[in-house]
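# Structure at a glance
What follows is the residue order along each chain.
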Amino acid sequence: MAEAGDSESQFELATMYYNRQGVEKNFAKAAQWYKKAAEQGNANAQYRLGEMYYYGEGVKGDRAEAVKWIKKSIEQ
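Bear in mind that the values here come from a model prediction, so they are computed numbers and not experimental data. (Residues numbered from 1 in each chain as written. Predicted model: local features only at pLDDT ≥ 70, side-chain atom pairs only at ≥ 80, totals over all residues. Heavy atoms only, no water.)

For any two helices packed against each other, the geometry comes down to the angle between their axes and how far apart the axes lie. Running from N to C, helix α1 (residues 7-19) and helix α2 (residues 27-39) point in directions that differ by 165°, and their axes come no closer than 8 Å. Classified by the interaxial angle, the pair formed by α1 and α2 is roughly antiparallel. In this structure, α1 meets α2 at a crossing whose hand is left-handed. Contacts between α1 and α2 involve S7, Q10, F11, L13, A14, T15, Y17 and Y18 on the former and, on the latter, F27, K29, A30, W33, Y34, K36 and A37. (Axes fitted to C-alpha atoms, helices over the stretch in contact; angles between N-to-C directions. Helix = DSSP H or I, 4+ residues; strand = E, 2+ residues; numbered from the N terminus. Parallel < 35°, antiparallel > 145°, perpendicular 65-115°, else oblique. Left-handed = near helix turned anticlockwise from the far one by under 90°. Contact = heavy atoms within 4.5 Å.)

Structure (structure tokens):
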């Protein structure tokens, strides 16, 4: 469903990549899926993507990009 464009499934898949237990986490894939969901207006994904930009997890750290995504999530 994530591949088909369902934003909630994309958010859940991203969270699985972010929180993997017993296996190496894949922050880059998590950021990729959070971004897909965030671009569709998923507020939770927007917030998580903002955090990832803030901390430089899976993406290059970028405070301006972090603020942009977190503001979008708050506006919803």
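After that view of the structure, there is still more to cover.
For the pair helix α3 (residues 43-55) and helix α4 (residues 63-75), the least separation of the axes is 7 Å and the interaxial angle reads 160°. Relative to α4, the element α3 lies roughly antiparallel. Crossing geometry of α3 relative to α4 is assigned as left-handed. Seen from α3, the contacting residues are A43, Q46, Y47, L49, G50, E51, Y53 and Y54; seen from α4, they are R63, E65, A66, W69, I70, K72 and S73.

With that out of the way, let us pick up the pattern of salt bridges. Applying the stated rule across the entire model yields 2 salt bridges. Residue R48 is joined to E51 by a salt bridge in which the shortest nitrogen-to-oxygen separation is 3.2 Å. Taken together, the positions of R48 and E51, both in helix α3 and 3 residues apart, correspond to about one turn of that helix. (Salt bridge = Lys/Arg side-chain N within 4 Å of Asp/Glu carboxyl O.)

Helix length check: α3 (13 residues) gives 19 Å between terminal C-alpha atoms against 18 Å at 1.5 Å per residue, within 8%. The set of residues buried in α3 consists of A45, Q46, R48, L49, G50, M52 and Y53. Against the buried residues of α3 lie α1, α2 and α4. Residue N42 occupies the N-cap position of α3, its side-chain oxygen lying 3.1 Å from the main-chain nitrogen of N44. At the C-terminal side of α3, G56 shows a positive phi close to 65°. (Expected span 1.5 Å × (residues − 1). Buried < 20%, exposed > 50% of the residue type's maximum accessible area, 1.4 Å probe, protein only. Polar contact = N/O pair within 3.5 Å; in protein donor to acceptor, adjacent residues only side chain to side chain.)

Purely spatial values, then, with no claim about function.
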